[in-house]
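Coordinate inspection notes
Chain residues, written in single-letter form:
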Amino acid sequence: MFSVFSRWWPRRSPSSPQISADLWDAVWRSLPFLHWMSPTEQALLRERSRELLGLKQINGAAGLVLNDHIRLSIALQAALPILHRGCEAYRNWAEIVVYPGDFIIPRQEVDENGVVHEYEETLLGEAWIEGPVLVAWFEPEDGDRPEGINVLIHEFVHTLDMGNGKVDGVPTLPAEISYKEWQTTFAAAFTDFAQRLEADPGWAEESPLDPYGAENPGEFLAVMSEHFFETPAALARLYPDVYRLLARYFGLDPLGPSSPGASQP
Ligand SMILES: [Zn+2]
């Protein structure tokens, strides 16, 4: 009897799957923007990725067939913002839906006259309070991928931001960061960023930070989090206070000893 159980039990078990060394190495190599991580951080990232693979469903859409490499790459990048906080921070949602590149979502809107307008929107990602998280998948090596852009980090940070029911740029903060400090720091940087873009629309072309961050405070947090991981030096140069605060929030410091966070007591 035991042998019968042992054949199906592992598949039905909610416990997280093991990640083979080969698979981990291949996915890790494909994400060079993370290669500043210490061996301890990398080990924790691997454990967090493993937990997420067990806890969340990752499903392909629009014909995308997921393989273990894609699943792990998505779980790994989802694990970045919650590396030290734990998977509990993602408790409100259970599913990640992955599209092969950008995707079209049909929308409906009722105007003040009660007329229903139908239209389509092309998206790279979308997060709902209770899930799912929709993301476009691009091969990390894809040369067309603009620098500093990371749809995965963007959407997963939105889900953290939704902790208070709103996408307002204020996630649930750990005890060591005050809401006042967070709001003051982010409001100042957001206002500055929006004003710069307004004063010089040409700057949008040259800005090392994605102008989409100027949409609203929720997008600003998501976009600056992308830059924190993907192009940390650019973020630290323009908004060192935001870099420092995100370093404390994520418990990570991509710039290491040269970062503006390192000089802090
Ligand atoms: Zn967004």
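Description of the structure in this document. Quick caveat: nothing in here was measured; it's all calculated off a predicted structure. (Residues numbered from 1 in each chain as written. Predicted model: local features only at pLDDT ≥ 70, side-chain atom pairs only at ≥ 80, totals over all residues. Heavy atoms only, no water.)

Another point: the coordination of the zinc ion. Ligation of the zinc ion by protein atoms is provided by His-154 (NE2), His-158 (NE2), Glu-219 (OE) and Glu-219 (OE), these donors lying 2.1 to 2.7 Å from the ion. Bound by 4 donor atoms, the zinc ion shows angles of 53 to 142 degrees at the metal and therefore irregular coordination geometry. All donors of the zinc ion belong to a single chain; written as a sequence motif, their spacing is H-x3-H-x60-E. Note that His-154 and His-158 are positioned in helix α5 (residues 151–161) at a spacing of 4 residues, about one turn of the helix. Judged on exposure class, the residue His-154 and its partner His-158 are both buried. (Donors = N, O, S within 2.8 Å, 3.2 Å for Na, K, Ca; no water. Tetrahedral: all angles 85-135°; square planar, octahedral: opposite > 155°, others 65-115°. Helix = DSSP H or I, 4+ residues; strand = E, 2+ residues; numbered from the N terminus. Buried < 20%, exposed > 50% of the residue type's maximum accessible area, 1.4 Å probe, protein only.)

With that settled, consider the side chain of Lys-56. Within the secondary structure, Lys-56 sits in the loop between α3 (39–55) and β1 (57–60). At 2.5 Å, the side chain of Lys-56 and the backbone oxygen of Trp-93 are in polar contact. Setting aside residues up to four positions removed in sequence, Lys-56 forms contacts with Tyr-90, Arg-91, Trp-93 and Ala-94. (Polar contact = N/O pair within 3.5 Å; in protein donor to acceptor, adjacent residues only side chain to side chain. Contact = heavy atoms within 4.5 Å.)

What follows covers the sheet that holds β1. As a general point, the strands of a sheet are linked pairwise by backbone hydrogen bonds and lie either parallel or antiparallel. Reading across from one edge, β1-β2-β6-β5 is the order of the 4 strands in this open sheet, with mixed pairing throughout. This sheet does not close on itself; its edge strands, each paired only once, are β1 and β5 (125–127). Each adjacent strand pair in this sheet contributes to an overall mean axis angle of 20 degrees, direction not counted. Across 4 bridges, strand β2 (residues 95–99) lies against strand β6 (residues 133–136) in parallel orientation. Within β6, the residue paired with Ile-96 across the bridge is Val-133. Relative to the sheet, α5 contacts β2, β5 and β6, its axis offset from that of β6 by approximately 165 degrees. (Pairing = 2+ DSSP bridges. Axes fitted to C-alpha atoms, helices over the stretch in contact; angles between N-to-C directions.)

What follows deals with the packing of aromatic side chains. Given two aromatic rings, their pairing is described by the distance between the two centres and the angle made by the two planes. According to the stated counting rule, one finds 18 aromatic pairs in the structure shown. Seen in terms of ring centroids, Phe-228 and Phe-250 are 5.4 Å apart; in terms of plane orientation they differ by 40 degrees. Their pairing is tilted. One end of the pair, Phe-228, is in helix α8 (residues 217–230); the other, Phe-250, is in helix α10 (residues 240–250), with 22 residues separating them in the sequence. Phe-250 sits in the buried class, given a relative accessible area of 1%. (Phe/Tyr/Trp six-rings, centres within 6.5 Å; stacked < 30°, edge-to-face > 60°.)

Another point: the environment of Pro-240. Along the chain, Pro-240 turns up in helix α10. The exposure class assigned to Pro-240 is partly exposed, which follows from its relative accessible area of 28%. Pro-240 sits 51 residues away from Ala-189 along the chain, and the two C-alpha atoms are 9.6 Å apart.

All right, on to the packing of helix α4 (residues 68–79) against α5 then. Interhelical geometry of α4 versus α5 gives an angle of 50 degrees and a closest axis separation of 9 Å. Between α4 and α5, the interaxial angle falls into the category oblique. As for the relative orientation of α4 and α5, their crossing is right-handed in sense. Only Leu-152, Ile-153 and Phe-156 of α5 make contact with α4, whose side of the interface consists of Ile-74, Gln-77 and Ala-78. (Parallel < 35°, antiparallel > 145°, perpendicular 65-115°, else oblique. Left-handed = near helix turned anticlockwise from the far one by under 90°.)

This brings us to unusual backbone geometry. Leaving glycine aside, a negative phi is the common case for residues, and trans is the common case for peptide bonds. Cis geometry marks the peptide bond from Gly-131 to Pro-132, where omega comes out at -5 degrees. Secondary-structure assignment places Pro-132 in the loop between β5 and β6. Notably, Ala-62 is not glycine yet its phi reads approximately 50 degrees, a positive angle. In this fold, Ala-62 is placed in the loop between β1 and α4. Classification of Ala-62 as exposed rests on a relative accessible area of 62%.

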